[in-house]
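# Reading the structure
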Amino acid sequence: GELKHGTIALIEKDTPVFALCANERLFKKTLSNIEEVISRGADVLCISQKGQIDKEKYNVLEIPHCTDIFLPLLEIIPTQLFAYFVAENKGCNIDMPKNLAKSVTVE
């Protein structure tokens, strides 16, 4: 739902997009957003429950079926691993991210 409020302007050819589309209630709306970013040239990886989305048409990473309340826990694992390995590949210090102190310092 937030795609139409500015995010869509960032999408261009070869922009990597993770589509978290495992939630059954929001699936049709999310699929519509996926089609929109694909039409703008984005490379999309759909994270969905097994058998939920056509693997012939989309790049899909399947997660096990579970109740909607637990889906975010299963969806976040591949996205966190992706971020970890991209940072590692770029030579970033994974254990001490830049500006971390600004985020965790309390007065």
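Use the structure listed above.
The numbers attached to residues start from 1 for each chain and follow its sequence in the written order. pLDDT decides what is reported in this predicted model: residues at 70 or higher carry local features, side-chain atom pairs at 80 or more are listed and counted, and totals for whole chains, interfaces and linings draw on all residues regardless. For side-chain calculations, the full set of non-hydrogen atoms in the structure is used, while hydrogens and water are omitted.

### As for the pairing of strand β1 (residues 16–20)
Filter applied, for reference: Accessibility here uses a 1.4 Å probe with only protein chains present; expressed as a share of the type maximum, an area under 20% marks a residue as buried, one over 50% as exposed, and anything in between as partly exposed. For helices the rule is a DSSP run of H or I covering at least 4 residues; for strands it is a run of E covering at least 2, with both sets numbered from the N terminus onward. In this description, strands pair whenever DSSP reports at least two bridges between them. Seen with its strands pointing away from the viewer, a crossover is right-handed if its path from the first strand over the helix to the second goes clockwise.
Only one face of β1 is buried, namely the one carrying Val17 and Ala19, since none of Pro16, Phe18 and Leu20 on the opposite face is buried. Pairing geometry for β1 and strand β2 (residues 43–49), over five bridges, is parallel. Looking at the pairing, Ala19 lines up with Cys46 of β2. In terms of handedness, the path from β1 via helix α1 (residues 27–39) over to β2 forms a crossover that is right-handed.

### Section: the sheet that holds β2
Here is the rule we go by: To define axes, lines are fitted to C-alpha atoms, for helices over the stretch in contact only, and angles between the resulting N-to-C directions are given on a 0 to 180 degree scale. In this description, contact between two residues means that some pair of their heavy atoms is separated by no more than 4.5 Å.
Pairing within the open sheet is parallel, and its three strands lie in the order β1-β2-β3. The sheet terminates laterally at β1 and β3 (59–63), the two strands that pair on one side only. With strand direction ignored, the average angle separating the axes of adjacent strands in the sheet is 20°. Along the sheet, α1 contacts β1 and β2; its crossing angle with β2, the most-contacted strand, is approximately 165°.

### Brief notes about the side chain of Glu75
Note the cut-off: Asp and Glu count as negative and Lys and Arg as positive, but His and the ends of the chain are not part of the count. Whenever a carboxyl oxygen of Asp or Glu lies within 4 Å of a side-chain nitrogen of Lys or Arg, that contact is scored as a salt bridge. Two N or O atoms count as a polar contact when they lie within 3.5 Å, although within protein this holds only if one can serve as hydrogen donor and the other as acceptor, and sequence-adjacent residues are included solely when both atoms are side-chain atoms.
Within the secondary structure layout, Glu75 lies in helix α2 (residues 71–89). Look at Glu75: it is buried, it has no salt bridge, and the nearest opposite charge is Arg25 at 11 Å. A polar side-chain atom of Glu75 sits 3.3 Å from the main-chain amide nitrogen of Ala22. The residues contacting Glu75, other than those within four sequence positions of it, are Leu20, Cys21, Ala22, Asn23, Ile47 and Ile63.

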